[in-house]
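# Observations on chain architecture
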Amino acid sequence: MFLEADLHVHSVASGHAYSTIQEIAREARKKGLKLVAITEHGPQMTGAPSPLYFNNMWVIHRQVEGVEILRGIEANILEDGSIDLAERYLRRLDLVLAGFHAECIEPGSVEENTRTMIKALENPYVDIISHPGNPHFQIDPEQVVRATKRLGKILEINNNSFRVRRGSYENCLEIARWAAHLGVMIAVNSDSHFTYDVGESDQAMAIVREAGVPEELILTAKAQWVKEYIWKRGKRLGEHTTAIV
Ligand SMILES: [Zn+2]
Ligand SMILES: [Zn+2]
């Protein structure tokens, strides 16, 4: 199965990633992708861009090198389940991922992590939970997938996890199985930090296949499905939105 979209890509602006948006778009076009979301880390991560960066993302053209670009963020989930960018900036973005990162939150018990993740899911600006299978932040997969379904949101199976978050395999498989069982959509993303990784999803797709997730539950399979999801979430994808100054 070919995936037309990659909704989790870091550019050089994230502080520990190494490619420009134009390089990313060029690579995406070469691989036949139709849509890429640029999702820098939220401001509380060391080296991540300030709120001003997210405020100004509207200057990035909708099409770069023939690939449609979404202006996004991978926000950090904080102890109280909130995320690290103010509403007035979040509402200007096309796509909001939120995830646990050890720099910004201490791991808790399974119950605590589950509660915090569900709180983040309940945030009306959050569209996708990034790497929910992170073994440093164990969650109850059934509860999280049920909450995702109730809220009409998306969970990610993250290809980069199998390199940088050892022990992700079992957790991701369990999440994917629950998603298949309950009919919850999954976003298979690269979490690329260097241009060659854009659109790479082999390991994540192997898990999704093993879990029996059908193509119609894989949001990133079709660029059109991504756009329909964003429209359903009440966002417009206009040419430009107005910057807050
Ligand atoms: Zn992350
Ligand atoms: Zn990431």
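Up top is the structure.
As the structure is a prediction and not an experimental result, all values here were calculated from the model. (Residues numbered from 1 in each chain as written. Chains lettered and ligands numbered in written order. Predicted model: local features only at pLDDT ≥ 70, side-chain atom pairs only at ≥ 80, totals over all residues. Heavy atoms only, no water.)

Attention now goes to the coordination of the zinc ion (ligand 1). Here the zinc ion (ligand 1) is held by the protein donor atoms Glu74 (OE), His101 (NE2) and His131 (NE2), which lie 2.1 to 2.2 Å from it. Separating the zinc ion (ligand 1) from the zinc ion (ligand 2) is a gap of 3.4 Å, which glutamate 74 spans by donating to each of them. One end of the pair, glutamate 74, is in strand 4 (residues 67-76); the other, histidine 131, is in the loop between strand 6 (128-129) and helix 5 (141-151), with 57 residues separating them in the sequence. By the burial criterion, glutamate 74 is buried, and histidine 131 matches it. (Donors = N, O, S within 2.8 Å, 3.2 Å for Na, K, Ca; no water. Helix = DSSP H or I, 4+ residues; strand = E, 2+ residues; numbered from the N terminus. Buried < 20%, exposed > 50% of the residue type's maximum accessible area, 1.4 Å probe, protein only.)

The zinc ion (ligand 2) binds to the protein through His8 (NE2), His10 (NE2), Glu74 (OE) and Asp191 (OD); the donor distances cover 2.0 to 2.3 Å. One way to put it: the four donor atoms around the zinc ion (ligand 2) meet at angles of 80 to 168 degrees, and that makes the site irregular. Read in sequence order, the donor residues coordinating the zinc ion (ligand 2) give the pattern H-x1-H-x63-E-x116-D. For aspartate 191, a relative accessible area of 4% puts it in the buried group. (Tetrahedral: all angles 85-135°; square planar, octahedral: opposite > 155°, others 65-115°.)

Turning our attention to helix 1 (residues 21-30). Those residues of helix 1 lying buried are Ile21, Ile24, Ala25, Glu27 and Ala28. Seen end-on, helix 1 carries its buried residues on one side only, within an arc spanning 165 degrees. Just downstream of helix 1 lies glycine 32, where phi reads positive at about 85 degrees. (Arc of directions from axis to C-beta.)

Here the focus is the pairing of strand 2 (residues 35-41). The side chains of a regular strand alternate, residue by residue, between the two faces of the sheet. The buried count for strand 2 comes to seven of seven residues, which makes it a mostly enclosed element. When strand 1 (residues 5-9) meets strand 2, the two strands line up parallel, connected through three bridges. Paired with valine 9 across the two strands is isoleucine 38, which belongs to strand 2. Bridging between strand 2 and strand 4 involves seven bridges; their strand directions are parallel. (Pairing = 2+ DSSP bridges.)

Turning next to unusual backbone geometry. For glutamate 65, which is not glycine, the phi dihedral falls at a positive 55 degrees. Turning to its location among the elements, glutamate 65 is positioned in the loop between strand 3 (63-64) and strand 4. Accessibility expressed as a relative area gives 21% for glutamate 65, which makes it partly exposed. With phi around 55 degrees, aspartate 191 is a residue other than glycine that occupies positive phi space. On the secondary structure map, aspartate 191 appears in the loop between strand 8 (186-189) and helix 8 (202-210).

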